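# Observations on chain architecture
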Amino acid sequence: MPEPDTTSSPRGRPLAAATRAVVDLMPRRDEWTPAVRSPGADLLAGLIVSLVALPLALGFGISSGLGAAAGLATAVVAGAVAAVFGGSRFQVTGPTGAMTVVLVPIVAQHGAAGVLAVGLIAGLILVALAFAGVGRAVRYMPAPVIEGFTAGIAVVIALQQVPAALGISDAQGEKVWQSALDAVRRFAEHPTLLAPATALVVAAMILVGGRYLPKIPFSLVAVAAATVVTHLLDLDLTRIGALPSGFSAPSLGFLHLEDLTSLIAPALAVAALGALESLLSATAADAMAVGTRHNPDRELFGQGLANIAAPLFGGVPATGAIARTAVNVRSGARTRLSALTHAGILAAIVYLAAGLVAEIPLAALAGVLLATTVRMVETASILAISRATRADAAVLLVTFLVTVTFDLVTAVGIGVGFAAVLALRAVARDARIEQVPLDETGDHLDEEHHLLREHIVAYRIDGALFFAAAHRFLLELADVSDVKVVILRMSRITALDATGALVLKDVITRLENRDIEVLISGAKPEHLRPLAALGVFDTAENERRHLFATTPEAIEVARALVSTDHDNPTIQD
């Protein structure tokens, strides 16, 4: 006897849908077939990306407060896991400046163990978001918000590098701009040009060299040159210091339940930023590579697993890195093997060259990150958005200022909220109600036409009748007088919410209390539902009396009502 098909039953459908969701998020063998057949291009691209990623991983690890080793562990572990399980074949994952900005206050408040726990919780949240299908929501992010917080991130990262670039190792301040000011004050008391000169030379080499010879990894070249020169001349610069020759699994055992509870809010912020930055990076990779499209939910899944794995080896939370992903695409990457190769080469450096990495001056890494901030800001895009509309310019500026003053997640929330308010305001302004002439047809006497013009008025509602525009609509109709019938033509309404329906109900009640009949024509089924739900027409008879499919039908009924009242002078207007 054949087994029953459970997928066709109501009970079996959720199980089948869940199974399909899991399958869609899993790696497929055919993704690796081109890499096995022809790995050369991906291996070369992976090597180039690793050379670019090494100084960035070191710098962002130090900026986060957990040290250079944590940055390398993140680049290796998170980079490998996301390369296999992520939704983009070009995405390169690792520590980023945006994430560093969020992690600094977490380190100050909860310590290194708190950051690792936050990474684990954020990873679990990202996996849950992937199964919930939230990945597609990034397409609704307004461009001014993206540009505003990107520019804000660049400023915050630049401020973070000021102490190291000035050779100050113990700058104080809760906010990055406060520590930067403290570093400037201390530098002014005992100035020395060695550290600033190192940072500026490294930054200049990267920016100028990258402009004319973009295929050469000038970040690594500049850092290597600065390290060799300062070592040979025995210059007094603060260096990275000893790195472990391998990865260690940190202990989270001393975190208590109340500690974990207090980490939920930071973990939500880290997860939100990880999702946003990773999906934006994957979208940018699609734009640079012809004929590719990432899977947003699978990208969240891969980033979630990466953030679960990285803290187990001492790494900080990671995201998709736009700069490294762009280098990967431009270096000729074809498959996921390139990102996996990048992680493998960085792992080899951890095990084989930890001693050399320890000699890198912090000022040189500060120069690398300062150059990165310059490249992050798309001046042309910012100017174009600023000139587009005043609303777009306002959203961009607000998002930028909140990013620099507070934090990224707050900035995105406020930026999106502000953009939504301005968009609703624009939609509300477009909504309008205007009196239109009656479409009088038929062979009628002049007296009848005059009668109709005297006692029937028609209004056409255009646009969205929702909470932002409904009360203006109410005020305009409240002035209607000296008529017997009002016809509301609703065929051009684009949206009707509960507030609009309630206002419409209020209008009908007010007018009918003044013995003015209200007829509605052309309402769409989706607009009738909120009217019915809110009891605008309390009975079927009342609905038939007020609702009409077309305006001519409403006019005929209005004509009959007016004629009846005209023939019966005892009825008062």
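Above: the structure in question.
Structural notes, computed from the coordinates. (Residues numbered from 1 in each chain as written. Predicted model: local features only at pLDDT ≥ 70, side-chain atom pairs only at ≥ 80, totals over all residues. Heavy atoms only, no water.)

Glancing now at the pattern of salt bridges. This model, assessed by the stated rule, comprises 12 salt bridges. A salt bridge links D182 to R185; the nearest nitrogen and oxygen atoms lie 2.6 Å apart. Of this pair, D182 and R185 both sit in helix α7 (residues 176-189), 3 residues apart, roughly one helical turn. The class of D182 is buried, set by a relative accessible area of 10%. Among the residues examined, R185 registers a relative accessible area of 43% and is labelled partly exposed. For R559, the salt bridge goes to E556, with nearest N and O atoms at 2.6 Å. Residue R559 and its partner E556 are both found in helix α25 (residues 551-567); the two are separated by 3 residues, about one turn of the helix. Judged by its relative accessible area of 5%, R559 falls in the buried class. You can call E556 partly exposed: its relative accessible area is 42%. What emerges from the salt-bridge pattern is a single network uniting R28, D30, E31, R298 and R336. (Salt bridge = Lys/Arg side-chain N within 4 Å of Asp/Glu carboxyl O. Helix = DSSP H or I, 4+ residues; strand = E, 2+ residues; numbered from the N terminus. Buried < 20%, exposed > 50% of the residue type's maximum accessible area, 1.4 Å probe, protein only.)

Membership of the largest hydrophobic core comes to 75 residues, with the highest contact counts inside it found for L58, I240, V270 and L408. Here this core takes 15 residues from helix α5 (residues 97-132), the largest share from any one element. Beyond its immediate chain neighbours, meaning those up to four positions away, L58 contacts A68, L72, I240, V357, I360 and L365. The next biggest cluster of nonpolar side chains, apart from the first, holds 28 residues, and it includes I433, L477, V483 and L488. (Core = buried A, V, L, I, M, F, W, Y, C linked by side-chain atoms within 4.5 Å. Contact = heavy atoms within 4.5 Å.)

In a regular helix each residue adds 1.5 Å, so 16 residues correspond to 22 Å; helix α14 (residues 337-352) covers 22 Å between its end C-alpha atoms and thus fits that length. Within α14, the full set of buried residues consists of L337, S338, A339, T341, H342, A343, L346, A347, I349 and V350. Those residues of α14 that are buried lie in contact with α2 (33-37), α3 (40-64), α4 (68-85), β1 (93-94), α13 (322-330) and α15 (354-357). (Expected span 1.5 Å × (residues − 1).)

Before going further, it helps to examine the packing of α3 against α14. Helix-helix packing: each pair is described by the crossing angle between the helix axes and the interaxial distance. Where α3 contacts α14, the two axes come as close as 7 Å, and the packing angle between them is 50°. In terms of axis orientation, α3 runs oblique to α14. Crossing hand, α3 versus α14: right-handed. Here D42, L43, A45, G46, L47, V49, S50, A53 and L54 of α3 come into contact with α14, specifically with L337, S338, T341, H342, I345, L346 and I349. Along the lines of polarity and charge, the residues of the contact of α3 with α14 split into 10 nonpolar, 5 polar and 1 charged. (Axes fitted to C-alpha atoms, helices over the stretch in contact; angles between N-to-C directions. Parallel < 35°, antiparallel > 145°, perpendicular 65-115°, else oblique. Left-handed = near helix turned anticlockwise from the far one by under 90°. Nonpolar A, V, L, I, M, F, W, Y, C, P; charged D, E, K, R; others polar.)

Let us look at the packing of helix α6 (residues 143-165) against α7. Put simply, α6 and α7 touch, their axes get as near as 8 Å, and they point 35° apart. Crossing geometry of α6 relative to α7 is assigned as left-handed. Where α6 abuts α7, its residues V156, L159, Q160, V162 and P163 lie against V176, W177, S179, A180, A183 and V184. By residue class, the composition of the contact of α6 with α7 is 9 nonpolar, 2 polar and no charged.

Taken by themselves, the reported measurements are silent on function.
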